[in-house]
Amino acid sequence: MSRNYRVLPDGRIPLWVMLAVEDAAYAVTPWHRADRPMRLSVEDIADDCDISPVEVVGGEFTAIGDSTALHSFRLMHDPRL
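Each chain carries its own residue numbering, running from 1 in the direction its sequence is written. Predicted model: local features are reported for residues with pLDDT of at least 70 only, side-chain atom pairs are reported and counted for 80 or more only, and whole-chain, interface and lining totals are derived from all residues. The side-chain values count all of the structure's non-hydrogen atoms but skip hydrogen atoms and water molecules.

A. Molecular detail of the nonpolar core. Counting residues in hydrophobic clusters, the biggest one holds 17 residues, and the most contacted among them are Leu15, Leu40 and Ile45. At the level of secondary structure, the elements contributing two or more residues to this core comprise β1 (13-21), β2 (24-28), β3 (38-41), α1 (42-49), β4 (60-65) and β5 (70-75). Only heavy atoms matter for contacts: two residues are in contact if any of them lie within 4.5 Å across the pair. Apart from the residues lying within four places of it in its own chain, the contact partners of Leu15 are Tyr5, Ala27, Val28, Thr29, Leu40, Gly59, Glu60, Phe61, Thr62, Ala63, Leu70 and Phe73. Buried Ala, Val, Leu, Ile, Met, Phe, Trp, Tyr and Cys residues that are joined via side-chain atoms within 4.5 Å together make up what is termed a nonpolar core. For every residue, the accessible area (1.4 Å probe, protein chains only) is compared with the maximum for its type, and the residue is labelled buried under 20%, exposed over 50%, or partly exposed between those bounds. Segments assigned H or I by DSSP are reported as helices when at least four residues long, segments assigned E as strands when at least two residues long, and all are numbered from the N terminus.

Written out as structure tokens, the structure reads:
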């Protein structure tokens, strides 16, 4: 599946976590494709979104930051809202 993200109008960064190995989440972002994903912390994403770390893989999120670092993650399409 091809994912092509752009920075959102509010400045937040969309991302998709395609896989995780231990605490390393590998994500597609506006600057990182599936063949060169951004490496993020599974725990940071899970903590910010109040979800289990196992729920991070396959999830779509938004965050604040740039091509080198992201933080303040939010789960997109959160069924709890």
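This is not the end of the story, as more comes after the structure.
B. Here's a closer look at unusual backbone geometry. For Ser72, which is not glycine, the phi dihedral falls at a positive 55°. Here Ser72 lies in strand β5. On the basis of relative accessible area, Ser72 is assigned to the partly exposed category, the value being 33%. A positive phi angle, near 55°, is found at His77, a position not held by glycine.

C. Structural context of a negative patch on the surface. On the surface, a cluster of negative charge is made up of Glu22, Asp23, Glu43, Asp44, Asp47, Asp48 and Asp50. Here Glu22 shows up in the loop between β1 and β2. By relative accessible area, Glu22 is classed as exposed at 78%. Exposure above 30% relative accessible area and the absence of a salt bridge qualify a residue for a patch, where like charges join within 9 Å and nonpolar side chains (Val, Leu, Ile, Met, Phe, Trp, Tyr) within 5 Å. All accessible-area figures derive from a Shrake-Rupley calculation using a 1.4 Å probe, and residue coverage is judged against the displayed protein chains alone. Throughout this description, the term salt bridge denotes a Lys or Arg side-chain nitrogen within 4 Å of a carboxyl oxygen of Asp or Glu. Residues counted as positive are Lys and Arg, residues counted as negative are Asp and Glu, and His and the chain ends are not counted. Note on charges: their place is set at NZ of Lys, CZ of Arg, CG of Asp or CD of Glu.

D. Representation of the sheet that holds β1 within the structure. If you walk across this open sheet you meet the five strands as β3-β2-β1-β4-β5, and the pairing is antiparallel. Unpaired on one side and paired on the other, β3 and β5 mark the two borders of the sheet. The mean inter-strand angle of the sheet, taken between neighbouring strand axes irrespective of direction, is 45°. One bridge is not enough; two strands pair if DSSP finds at least two bridges between them. For β4 and β5, the ladder comprises four bridges, and the chain directions are antiparallel. From the neighbouring strand, Ile64 faces β5, where its bridge partner is His71. Axis lines are fitted to C-alpha atoms, over the contacting stretch for helices. Their N-to-C directions set the angle, which ranges from 0 to 180 degrees. Sheet strands in contact with α1 are β1, β2, β3, β4 and β5, and its direction is about 50° off that of β5.

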